[in-house]
Amino acid sequence: QVQLVESGGGLVQAGVSLRLSCAASGHTFSSYVMGWFRQAPGKEREFVAAITRSGRNIYYSNSVKGRFTISRDNGKNTVYLQMNSLKPEDTAVYYCAADPDAFSRTVVASYNYWGQGTQVTVSS
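Quick caveat: nothing in here was measured; it's all calculated off a predicted structure. (Residues numbered from 1 in each chain as written. Predicted model: local features only at pLDDT ≥ 70, side-chain atom pairs only at ≥ 80, totals over all residues. Heavy atoms only, no water.)

A. Region of the structure containing the pairing of strand β7 (residues 68-73). Here β7 shows one buried face, formed by Phe68, Ile70 and Arg72, and one open face, formed by Thr69, Ser71 and Asp73. In this sheet, strand β8 (residues 78-83) lies alongside β7 in antiparallel orientation, the contact comprising six bridges. What sits directly across from aspartate 73, in β8, is threonine 78. Where β7 folds back on β8, the antiparallel hairpin that results is connected by four residues, among which asparagine 77 adopts a positive phi of roughly 55°. (Buried < 20%, exposed > 50% of the residue type's maximum accessible area, 1.4 Å probe, protein only. Helix = DSSP H or I, 4+ residues; strand = E, 2+ residues; numbered from the N terminus. Pairing = 2+ DSSP bridges.)

So, in structure tokens, the structure goes:
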């Protein structure tokens, strides 16, 4: 089992950058596929980005492709989400997720472990 703790959220203006971090503990971090999801008020949780165990394969939603970058440091047991050119529609609670397999990288149900989330609010 793995425990996940997100950090780095906040209130920012449109156009700026923010970096989220997710620290993992409790098990071998490198054995987990990691993902970032977000949930805006009144909406379902949606996929943002995912990265495989070695970092070789990376996936993005169309809405963040070209603006967000996911990365991981297996030595530090941490996955990051660099968010550039933020827009008001990026406002949401951002969740870190992990799974040994994540049979479908972009699907919420593929991940068994979740953090508590960190709020990102982008003002116009």
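B. Spatial organisation of the state of the cysteines. The final tally for this structure, using the stated rule, is one disulfide. At a sulfur-sulfur separation of 2.1 Å, the disulfide partner of cysteine 22 is cysteine 96. On the sign convention where negative is left-handed, the bridge of cysteine 22 and cysteine 96, at about -80° about the S-S bond, is left-handed. Separated by 74 residues along the polypeptide, cysteine 22 in strand β3 (residues 18-25) and cysteine 96 in strand β9 (residues 92-99) bring together distant segments of the chain. Under the relative-accessibility criterion, cysteine 22 is labelled buried at 0%. You can call cysteine 96 buried: its relative accessible area is 0%. (Disulfide = S-S within 2.5 Å.)

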